[in-house]
Structure formats: structure tokens, C-alpha cells
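# Structural overview for review
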Amino acid sequence: MRTVEWDYESRRLRLIDQRLLPGEFRYMLIDDYREVVTAIREMVVRGAPAIGATAGFGMALAARQSRARTVEALLSDLRIANEHLQNARPTAVNLRWALKRILDMAETYHGSVLDLRIAILDAAQLIADEDVRLNQEMALFGASLIDDGDTIVHHCNTGALATVDWGTALGVIRMAHTQGKIIHVLVDETRPRLQGSRLTAWELEQYGIPYDIITDNAAGYFLRTGQIQKAFFGADRVAANGDVANKIGTYMLALAAHTNQVPVYAVAPTSTIDLVTSTGDGIPIEERDQGEVLCLTYDGLQTAPKGASARNPAFDITPSNLLTAIVTEVGIVYPPFKRNLQQAVETNLK
Ligand code: MRU
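Residues numbered from 1 in each chain as written. Predicted model: local features only at pLDDT ≥ 70, side-chain atom pairs only at ≥ 80, totals over all residues. Heavy atoms only, no water.

## Re unusual backbone geometry
Residues apart from glycine generally show negative phi values, whereas peptide bonds are mostly found in trans. Cis rather than trans, the peptide bond between L21 and P22 has omega equal to 10°. With respect to the secondary-structure elements, P22 resides in the loop between β2 (12-16) and β3 (27-30). For the bond running from P335 to P336, omega is 0°, close enough to zero to count as cis. Checked against the element boundaries, P336 lands in the loop between β16 (331-333) and α11 (337-349). (Helix = DSSP H or I, 4+ residues; strand = E, 2+ residues; numbered from the N terminus.)

## Some remarks on the sheet that holds strand β4 (residues 151-154)
Strand order in the open sheet formed by 7 strands is β6-β5-β4-β7-β10-β15-β16, and the pairing between neighbours is mixed. The open sheet has two edge strands with one neighbour each: β6 (211-214) and β16. Each neighbouring strand pair of the sheet contributes to a mean axis angle of 25°, computed without reference to strand direction. Where helix α7 (residues 195-207) meets the sheet, it contacts β4, β5 (184-188) and β6, and its direction lies at approximately 160° from that of β5. With respect to the sheet, helix α9 (residues 250-259) is in contact with β4, β5, β7 (230-233) and β10 (264-267), its orientation differing from that of β7 by roughly 160°. (Pairing = 2+ DSSP bridges. Axes fitted to C-alpha atoms, helices over the stretch in contact; angles between N-to-C directions. Contact = heavy atoms within 4.5 Å.)

## Regarding the environment of A169
For A169, the location among the structural elements is in helix α6 (residues 169-178). On the basis of relative accessible area, A169 is assigned to the buried category, the value being 0%. Distance in space between the C-alpha atoms of A169 and Y265 is 8.4 Å, their sequence separation being 96 residues. (Buried < 20%, exposed > 50% of the residue type's maximum accessible area, 1.4 Å probe, protein only.)

## Description of the packing of aromatic side chains
Both the distance between ring centres and the angle between the ring planes are used here to describe each pair of aromatic rings. Counted by the stated rule, this structure contains 5 aromatic pairs. Judged by centre distance (5.3 Å) and plane angle (85°), the rings of F25 and Y27 are edge-to-face. When its relative accessible area of 35% is taken as the criterion, F25 is described as partly exposed. Taking 5.0 Å as the distance between ring centres and 35° as the angle between the ring planes, the aromatic pair formed by F232 and Y265 counts as tilted. With F232 in strand β7 and Y265 in strand β10, this pair connects stretches of sequence that are 33 residues apart. (Phe/Tyr/Trp six-rings, centres within 6.5 Å; stacked < 30°, edge-to-face > 60°.)

## Concerning the sheet that holds β2
The 3 strands lie next to each other as β1-β2-β3, forming an open sheet whose pairing is antiparallel. Both edges of this open sheet fall to β1 (4-7) and β3, since each of them pairs with a single strand only. Recorded for the sheet is a direction-independent mean angle of 25° between the axes of neighbouring strands. Relative to the sheet, helix α2 (residues 48-65) contacts β1, β2 and β3, its axis offset from that of β1 by approximately 25°.

## Describing the side chain of T250
Turning to its location among the elements, T250 is positioned in helix α9. Here N246 takes part through its side chain, which lies 3.0 Å from a polar atom of the side chain of T250. Leave out the neighbours within four places in its chain, and T250 touches H155, F233, D316 and T318. (Polar contact = N/O pair within 3.5 Å; in protein donor to acceptor, adjacent residues only side chain to side chain.)

Nothing here speaks to function; it is geometry throughout.
Here's what the structure looks like:
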């Protein structure tokens, strides 16, 4: 059961509709790349690696939809689809990374139009398969940081639902549990869209990992009173200096953890590292609809006066000095991040 999967029988993209969880588990089948754009924007699928893989399959759909009879005409249609898909959400770099990987392959392809269509689907499938493998490798490195008896605070959803399968930070937690370590997770509910209480808690239920949901603003209390040994979260983009863009509230969590000498770990594949963006200041922060703040997402109950306005940045930047390490599929990266992240990315290129 993958979050993002190509259905070879119907030749459509199959996504778990995450807007309905935890109440209902339902798939959405998509056969038009423009619907992929909408699904990413409306968060049917979310989480940096998951939207990267989804965009890859979006390109496969665009190739199928195109009526082009020459490679050049197909490339022109793919470039248009690439533009639309890129703009679906701005912060997670995996989206651009996956699209660039596919477009670069297409631009240098030598063969027939028919073969190119097949090659694009193969490239998208490879991105999806790699994601699962890399997550498991990353999880093995990360699990070595977790001790028996640890209570871990976790922000947002970074599990199988945020990736193709297995997960990043939650994948690390899952691996530690699989290894037999006795752990407990404090799940930040993650306002405003409640990825923690809706999705992470749902996943932890399936894995049988003990947890409690806490309000985001309770994390400081638990950290200061010594009830948390480690903080784990994922990343939507890591700048060259190690600054991490992640779900709104990550910065406050990292500040509170760092102040209380609790180790802070970001977990992200090297596809999330953006060496072109030198610091977190260069990372675009998505601002979403204010309705997400003014209403409780799930039942649409308005929790603010009529006419109230709100600000809703979906991500924030955690400066690298608050991080103990960044866990990747090629190893655990410690400071100095600028040098060591570059090395991690280069290792992966080999
Ligand atoms: O707005 P979302 O739900 O897409 O945000 C997701 C996160 O912030 C995750 O923590 C991040 O993508 C890294 S986990 C794979």
C-alpha cells in the first residue's frame, strides 16, 4: 500500500486521499496531469518526497495525454506540464527536483516518441521506488540515535503518508520500534491542518507504537520538565548552510528543545538538500488560505469572530545552529553543515 502509486492496469495515478484521514481511507485515481496539480495544491497528497514522486507521475500523465507525434512536440508539451506542476506548491524542493530529473532525461533522450513516453513513466517509477529504499536506509542511520526508553517529540507528518512509503523522521521512529526499542512518541498535533493528530497518530496506531498527542504549545512544557529525550522532524528543503524549512511550528519546537539541551534531528533524503539556496532566507515560504486558521479543518467549525482575518504561513525556517544533526540516506550529517551537506550530496551523485 503506497501513498503514491502508478496503477499499471488502468494506467492512472493512484493517491491515498489524505484529506479524508483518519475518518476514511479512500484512493483517488487521476488520469490528467492538471488534476495532479490540484491534488498537490489541495493536499490530497502532501509531504515533500510524496509530492515529488506525484509530480513525476504527473509528467508521465502529461506525456500520455500529449498528442505529439515528434519528440520535439512532446518536449514542448512536457515543458508546459512542468511549469504547472512546479507551481503547485513552492516550498518543498523535492517537487522541483523530481521534475528536473525527468525533464533533463527527456531533453537528452534519443529515440522515438513512443519510447520517450515509456521512458518518462519508467523515470517516475524509479523516483518512487528509490524513495522507499532511501527512506529505509535513512531510517537505519537515524534509529542508531534513539535509545531504549526514549520519549521523542515529533512534528507534522513525516511517515509513509508524507513519502511514497516508510517515511523520514517517522520512518526513523518506526525503525527503532521494529528493532525492539521501547519508545514513546509525543505527537505535536500540528495546527492548522493537524497533520500530527490526523495522520501521524493514524500511522502510529497501525505500527503499534505508543504515543500521546499534544497541542503544539505543550511541547515546551514537556521539554523543560525533562520528559523528552529527542526531537525529530522532517524537512521540505535544506539550504546549503543547513537551515531547514519545515512545517510551521518546527522553529519554536527546535528553539525550546535546544534551550533545554535536548538533541534536535531533521531527517531528509539528499533530494531535499538544495545547495543552490545558500541560507534559509532564500527559501520561499508558502502562505495558505486563512480559512485553515479561522476554522477547525475537520468539521469546518469557525473558531474566530465573523470577519476576522488571519495569517497562515505553512512553513518556517529552523536555523542550522539549533540542529544537532541532519539524517540522510548516506549517513548522519553533523556540523559544519555547509561542508558536510555538500559532501553528502556528492556521495549520492556517485
Ligand atoms: O504541508 P505539508 O503537510 O506538505 O508539510 C509536510 C511537512 O512539513 C513535512 O514535515 C515534510 O514534508 C517533511 S516529511 C517527509
